[in-house]
Amino acid sequence: MNVLFCSSEVVPFAKTGGLADVAGTLPPELAKLGVNMKVVLPYYKVIDLKKFKIKKINKDTSVAVIGNNVEVYFIENKRYFDRANLYQYNGIDYRDNLERFTYYCQQSLKLLKQIKFKPDIIHCNDWQTALIPIYLKTIYKKDPFFKKIKTVFTIHNLGYQGLFSKDDLPVTGLSEDVFSMEGLEFYGRINLLKGGLLFADKITTVSSTYASEIQTNQFGCGLEGVLQKRKSDLSGILNGINRYEWDPQKNKILTRNYSSDAIEGKYYNKISLQKKCKLKVSRDIPLLGIITRLADQKGLDILAGVIDKIVQMPIQFILLGTGDPKYHKLFENIKNKYKNTSIHLAFDAKLAYKIYAGSDIFLMPSYYEPCGLGQLISLNFGTIPLVRKTGGLADTVIDYDPFTKQGNGFVFDNYQAGALLEAIKRALCVYNDTENWKKLIAKAMECNYSWEASAKEYNKLYDKLKVLKIKKLSYE
Ligand code: ADP
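Attention in this report is confined to the structure presented alongside it.

Definitions and cut-offs
Residues numbered from 1 in each chain as written. Predicted model: local features only at pLDDT ≥ 70, side-chain atom pairs only at ≥ 80, totals over all residues. Heavy atoms only, no water. Helix = DSSP H or I, 4+ residues; strand = E, 2+ residues; numbered from the N terminus. Rg over C-alpha atoms; globule rule 2.2 N^0.38 Å. Buried < 20%, exposed > 50% of the residue type's maximum accessible area, 1.4 Å probe, protein only. Contact = heavy atoms within 4.5 Å. Areas by Shrake-Rupley, 256 points an atom, 1.4 Å probe, with all protein chains shown as cover. Lys, Arg positive; Asp, Glu negative; His and termini not counted. Charge placed at Lys NZ, Arg CZ, Asp CG, Glu CD. Salt bridge = Lys/Arg side-chain N within 4 Å of Asp/Glu carboxyl O. Polar contact = N/O pair within 3.5 Å; in protein donor to acceptor, adjacent residues only side chain to side chain. Near = heavy atom within 4 Å. Nonpolar A, V, L, I, M, F, W, Y, C, P; charged D, E, K, R; others polar.

### Structural notes on the overall build of the protein chain
Secondary structure assignment for the protein chain yields 17 helices and 20 strands. Over its C-alpha atoms the protein chain spans a radius of gyration of 23 Å, differing by no more than 12% from the 23 Å that the globule rule assigns to 476 residues. The buried share of the protein chain, taken over its 476 residues, is 59%. Taking the intrachain contacts of the protein chain between residues at least 6 apart in sequence as the baseline, contacts between residues at least 24 apart amount to 71%. Surface exposure of the protein chain reaches about 20800 Å², of which carbon and sulfur atoms provide 51%. Computed over 68 positive and 49 negative side-chain charges, the inter-centroid distance for the protein chain is 4 Å.

### Let's talk about the pattern of salt bridges
It is possible for side chains of opposite charge to pair when their charged atoms get near one another. This model, assessed by the stated rule, comprises 24 salt bridges. Linking arginine 83 and aspartate 96 is a salt bridge whose minimum nitrogen-to-oxygen distance equals 2.6 Å. Of this pair, arginine 83 sits in the loop between α2 (78–81) and β6 (88–89) while aspartate 96 sits in the loop between β7 (92–93) and α3 (97–114), and the two are 13 residues apart along the sequence. The exposure classification of arginine 83 matches that of aspartate 96, with both residues buried. A salt bridge links aspartate 247 to lysine 250; the nearest nitrogen and oxygen atoms lie 4.0 Å apart. Its relative accessible area of 58% is what places lysine 250 among the exposed residues. Among the charged side chains, a network of salt bridges with common partners joins Lys202, Arg230 and Asp233.

### Description of the side chain of aspartate 201
In this fold, aspartate 201 is placed in the loop between α6 (192–199) and β13 (202–205). Of the polar contacts made by the side chain of aspartate 201, one reaches the side chain of lysine 137; its length is 2.5 Å. Separated by 2.8 Å, the side chain of aspartate 201 and the backbone nitrogen of threonine 151 make a polar contact. Leave out the neighbours within four places in its chain, and aspartate 201 touches Lys137, Ile149, Lys150, Thr151, Arg230, Asp233, Leu465 and Ile470.

### Some thoughts on the side chain of threonine 341
By the element assignment, threonine 341 lies in strand β17 (residues 341–344). From its side chain, threonine 341 meets the backbone oxygen of tyrosine 338 in a polar contact 2.9 Å long. Excluding residues within four positions of it along the chain, threonine 341 makes contact with Leu279, Val311, Phe317, Ile334 and Lys335.

### Comments concerning the site of the ligand
Taken together, 19 residues form the shell around the ligand, and within it Gly18, Arg293, Lys298, Ala346 and Tyr356 come nearest. At 3.4 Å, a side-chain N or O of lysine 15 approaches an oxygen atom of the ligand. Glycine 18 places a polar main-chain atom, nitrogen or oxygen, 2.6 Å from an oxygen atom of the ligand. Burial of the ligand by the surrounding chains reaches 91%, relative to a free accessible area of 560 Å². Elements supplying a minimum of two residues to the shell around the ligand: α1 (18–32), β15 (287–294), β16 (316–323), α12 (349–358) and α13 (374–380). Considering every element that reaches the shell around the ligand, the biggest residue donor is β15, with 3 residues. Of the residues assigned to the shell around the ligand, the class counts are 8 nonpolar, 6 polar and 5 charged.

Structure, rendered in structure tokens:
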């Protein structure tokens, strides 16, 4: 089985969110199952040439290796990718994003002929790669090289759709016929994600609950109709985490390593985090951590509603995040008002490890969360997740019941500030019961949300799809 995996970000080269973690981990895991995987991404300026062994193979393509010999191809173009960031500058999308990702999609297909790699399946991810399934069923339909290739399209976040002016359609090289209600048209604009959802042979998203949620008006972001239409081709496969990267027993950035049967080391991490963040050093004060993009999706509006009440409790609060200026302002204020808080408005991978390991409770009050990595990472570090019941959070965190002692975290349902506060109070009650809290930590650390299980699911999907007879689209 040959598979090309297309993603606009891949760990360790370029990352803005969870997609990068998936793209850097799933392909090597699939390769372990015998799938011949290759990955392709743009060659952004942020990618450190010296740090990785990246070899140039021709004027505009380079290659590096991840995992056990999975080749990652980089599409070069100074004009498009030699910029400070991946998609935007100062919170504003680059104006030529359609041009940039059209180029990336077209070059990814051209690359296949150059390197003589004929995939059975091209696995695309999010709107940046959505033109690929569209090209295969339109422009490349008759090309014998591409004719038999099938596509999987994975939605990592339906909230980002790649919307562009209709006048820019010629940039893509597609004909006017695709710009219709049954195609890329979305309220008079081009919607690349919609195109991907309609043209791909199979659609997946990153948890079962999210796969159901996106078929509803509340979470469908206007594409619920398209997803309902394709529901027999839509499934949810939960993301995992890279257990080596997030292993509290081996991680070198931690002050002290620890495991589920020797959690003592976790407290050394808490103390060193408190020192680093200039908080009062105490093993007993509950430390609440949050690491997130500062975006509405992440439940920051309900957090804002009760943040004063939270930090006035006998707790410590650490936030690491960057994004929407309105939340920068909010947390800047909190920082100035309360000594028991430590606010870091930045992206800082090293500090993230320390917060995951050193906190007691990890907050994810998301409005929606396709899968969420934060709760999986925090479980691994024995930091108890407190989440809203949505998407992948609902599929991975089970509310702790103090009577039966079942559960691995704290879950609230209503998207309301009061419900978040109530869940925090509940968690703090359990925290005060030191012996039970220790057991909860050990239980959390034993949850195994690894990539192995997810990779097996994707492999099954690839196998099924490879032999499936594909129905023709209305355009063909
Ligand atoms: P999303 O992809 O929606 O941003 P996920 O929970 O799926 O959310 O993944 C977010 C990933 O990015 C996690 O690994 C998280 O630790 C990391 N992350 C988010 N913000 C920051 C930050 N400011 N600094 C370091 N890591 C961050």
